[in-house]
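Understanding the architecture of this molecule
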Amino acid sequence: MPPLLLPPLLLPPLLLLLLLPPLLLPLAEGRRAAMLRMGLRGSPRGEVSPAFLSLTLDASLARDPRYVALLSNPKLRALAMALSPGFLRFGGTETDFLIFDPNKDSTLEEKILWELQAQQEACGSRPAFAAVEKLLLAQWPSQEKLILAEHNWKKHKNTTITRNTLDILYSFAKCSGFHLIFGLNALLRKDGLQWDSSNAQTLLDYCASQRYNISWELGNEPNSFRKKSGIYIDGSQLGQDFIHLRQLLSNYTLYRNAKLYGPDVGQPRKHTQRLLRSYYVNGRSATREDFLSPEVLDTFATAVHEVLEIVGGTVPNKKVWLGETSSAYGGGAPRLSNTYVAGFMWLDKLGLSARQGIDVVMRQVFFGAGTYHLVDANFEPLPDYWLSLLYKKLVGTKVLQVSLAGADERKLRVYLHCTNTLHPKYREGDVTLFALNLYNITQHLQLPNYLLSKHVDQYLLLPHGKENILSRSIELNGHVLQMVDDKMLPELTEKPLGPGSVLGLPAFSYSFYVIKNAKAIACI
């Protein structure tokens, strides 16, 4: 399989922006709508992977492997399936403390689950496991406290995982429509220097015997190895370790062409890919104001620009992934990262990443410890889940030029893509605008004159309940989003706006708008 290469970013000399004079419509309050300027006539400014919005599971879930059995929950799988296709990265700090032992007995919970699976359809539900699951969920809060405490204290212990741990993890990815990227332990060292690949080989032997189609990563944040284990590995040695792993993979017919992802330090190899990690703030000190601050949101654009400049200067055309990202590090910011207000950081990061040329963004985490998860410990989807779902359904891979006149673009942030043509309601040439209002009053957006005759579908997301932007519940066009039952998601119903409509965006809110029949040449 050829390596994933980043095509040169299409610069816009041929991009014909139809910028008609900004005819700003007066509004009832005496204020004017901000005028949108859109580049629909030339080539797109860039294109991202169809798996652009992908997910992670933190390896800390296997800190006690019996909790991995929670991944069999049918509601959790239904929620994951709705976000597919994508990559599912199993990684994080605990990656470098997992030891695979194929001869060790699995935990009782894993064993029960796998025996049930052997008797039934591979991706079917396991009602007989419900009682075990209930017990696990009752014990999860104390396990979560332990995981977060160890992370904060930077005290990590080795954990043994078994065949069933891998079986359950792979089953979750495959049954949910995701491609698994598994992080191998890079802290296993010979004489404290060269990577000891013997445990990785044992794990590869087992996965190959089961015909598990997996991609691989080596280690997590090697720059922090000294901090978490007292071992220092320089870039040259890490490069040798990646070469060693590439050679090891070539011994397996199944993994000969498997993708290998990683920091790509030293001499870049053709089968490796750069991973970037990004958080805005420290979860223990973050404030509500941080989540609404244009200055905080802009720090991400600066960081990405610096990384892409370095990559462009050393390995031109190498794709960069955001391999682990959320609002706040350290497990998230309590009562913030799991609420409506976190959506500003998440949606803006998706928009900026695509605009700047990041190919894949992996959300930390789908399910697990902390408060930055998309799905909580009761298997309830949080606001960022619904935001992710709408993004997946409405936003296509081609990135378009957009700007506005008549408002501060740092406080009224707009992004434009071709619409996802897999959506049954839309077709080639339609475009999806998404906007974030960081003003404390309603803002209005007006389409360019040549689009005023078009129909627009609005998908306005607002917080539900008296907690306002700190709510863990969200409304789409006035209807609360919640699961219909454990296996069925609700309809994501649009609000049609007639031709010539001004797009109103309430204070501290975000929304998607699909402009139908826009006939954007860049999207056809």
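Residues numbered from 1 in each chain as written. Predicted model: local features only at pLDDT ≥ 70, side-chain atom pairs only at ≥ 80, totals over all residues. Heavy atoms only, no water.

Glancing now at the overall build of the chain. Looking only at helices and strands, one finds eleven helices and 26 strands in the chain. Over its C-alpha trace the chain gives a radius of gyration of 23 Å, about what one expects of a compact globule, namely 24 Å for 524 residues. Dimensions along the principal axes, computed over C-alpha positions, put the chain at roughly 75 × 50 × 45 Å. When each of the 524 residues of the chain is scored for burial, the buried share is 58%. Total accessible area on the chain stands at roughly 21500 Å², and carbon and sulfur atoms take up 53% of it. (Helix = DSSP H or I, 4+ residues; strand = E, 2+ residues; numbered from the N terminus. Rg over C-alpha atoms; globule rule 2.2 N^0.38 Å. Buried < 20%, exposed > 50% of the residue type's maximum accessible area, 1.4 Å probe, protein only. Areas by Shrake-Rupley, 256 points an atom, 1.4 Å probe, with all protein chains shown as cover.)

Here Ala520 shows up in the segment after β26 (509-515). Take Ala520: its relative accessible area is 0%, and that puts it in the buried class. Along the sequence, Ala520 and Ile214 sit 306 residues apart, while their C-alpha atoms lie 38 Å from each other. The residues touching Ala520, leaving out its near neighbours within four places in the chain, are Leu40, Gly429 and Val431. (Contact = heavy atoms within 4.5 Å.)

Let us now look at the pattern of salt bridges. Scanning all chains against the criterion turns up 18 salt bridges. In this structure, the salt-bridge partner of Asp241 is Arg189, at a minimum N-O distance of 2.7 Å. Here Asp241 is found in helix α7 (residues 235-249), whereas its partner Arg189 is found in strand β8 (residues 189-190), with 52 residues between them in sequence. Residues Asp241 and Arg189 agree in their burial class; the two are buried. A salt bridge links Asp298 to Arg410, with the shortest nitrogen-to-oxygen separation between them at 2.7 Å. Here Asp298 is found in helix α9 (residues 294-314), whereas its partner Arg410 is found in the loop between β17 (395-405) and β18 (412-419), with 112 residues between them in sequence. Through salt bridges with shared partners, a single network forms among Glu295, Asp298, Asp348, Arg410 and Arg413. (Salt bridge = Lys/Arg side-chain N within 4 Å of Asp/Glu carboxyl O.)

Another point: the packing of aromatic side chains. Evaluated as defined, the whole model comprises 24 aromatic pairs. Between Phe90 and Phe182 the ring centres are 5.4 Å apart and the planes differ by 20 degrees, which places this aromatic pair in the stacked class. Of this pair, Phe90 sits in strand β4 (residues 86-91) while Phe182 sits in strand β7 (residues 178-184), and the two are 92 residues apart along the sequence. With a centroid separation of 5.7 Å and 40 degrees between ring planes, the pair formed by Phe434 and Phe512 is classed as tilted. Of the two residues, Phe434 sits in strand β19 (residues 431-437) while Phe512 sits in strand β26, which places them 78 residues apart along the sequence. Across the pair, Phe512 and Phe434 agree in class, each one buried. What links up through ring pairs into an aromatic cluster is the set Phe52, Tyr391, Tyr415, Phe434 and Phe512. Sitting over the face of the ring of Phe300, Lys349 holds its NZ or CZ atom 5.2 Å from the ring centroid. Directly above the aromatic system of Trp346 lies the positively charged group of Arg363, at a separation of 4.9 Å from the ring centroid. (Phe/Tyr/Trp six-rings, centres within 6.5 Å; stacked < 30°, edge-to-face > 60°. Lys NZ or Arg CZ within 6 Å of the ring centre and 35° of its normal.)

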